[in-house]
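Below, each chain spelled out in residue letters.
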Amino acid sequence: TEGRKKAYEAGRLGRAPLGGFYVGIEAMTGVYIHIPFCARKCLYCDFVSFEKGNIRGYFDALKREIELYKDILSVEKTDSIFIGGGTPSFVPAEFIAEILSLFNPEQNAEITIEANPGTLDENKLNELNELLIRHGRIDKEISIDQIQGR
């Protein structure tokens, strides 16, 4: 109905329908992307995660779902993208790049990718650094020595 549409639009823009406290303030959107793959399932982990699976197929389906909901939600401003899991650093960095390319984050948006040091080597870390640099969201590159505490 028209009333629901107006209420949704008001909420999306951070405006109260009758001119309450949020008038004129645009809402920002935080996005969580779940990557359910790991090198191994930890005993303490309650999150959905798998040691094996069709990783390519999962990312293809995830891209289709993001495209589907992108139009429905009309997300114009994303100020935070958190990629968790599982262990996102377990999958190829190019798959993560494909997902990030579907969003248009704000200039100062925070983009976080969970990583397990056991899944990082110099090459993977360089790929992730390049990915974040390409999206303009990294102030300082992280080295493998920093991760390993050297």
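Report on the accompanying structure. (Residues numbered from 1 in each chain as written. Predicted model: local features only at pLDDT ≥ 70, side-chain atom pairs only at ≥ 80, totals over all residues. Heavy atoms only, no water.)

Observations regarding the nonpolar core
- In this structure, I33, I35, I81, I83, I96 and F103 are the most contacted members of the largest nonpolar core, which totals 26 residues.
- Mapped by element, the contributors of at least two residues to this core are β1 (29-35), α2 (55-73), β2 (78-85), α3 (93-100), β3 (105-113) and α4 (122-134).
- Ranked by residues supplied to this core, first place goes to α3 with 6 residues.
- Sequence-distant contacts of I96, that is, excluding residues within four places in its chain, are made with F59, I83, P88, V91, I113, L128 and L131. (Core = buried A, V, L, I, M, F, W, Y, C linked by side-chain atoms within 4.5 Å. Buried < 20%, exposed > 50% of the residue type's maximum accessible area, 1.4 Å probe, protein only. Helix = DSSP H or I, 4+ residues; strand = E, 2+ residues; numbered from the N terminus. Contact = heavy atoms within 4.5 Å.)

Observations concerning the environment of C42
- Along the chain, the position of C42 falls in the loop between β1 and α2.
- The class for C42 is partly exposed, based on a relative accessible area of 23%.
- C-alpha of C42 to C-alpha of G86: the two residues are 44 residues apart in sequence and 9.6 Å apart in space.

Points about the sheet that holds β3
- Ordered in space as β1-β2-β3, the 3 strands form an open sheet in which the pairing is parallel. Edge positions in the open sheet fall to β1 and β3, since each of these has one partner strand only. This sheet shows a mean twist of 15 degrees between the axes of neighbouring strands, independent of strand direction.
- α3 contacts β1, β2 and β3 of the sheet and is inclined by roughly 150 degrees relative to β2. (Pairing = 2+ DSSP bridges. Axes fitted to C-alpha atoms, helices over the stretch in contact; angles between N-to-C directions.)

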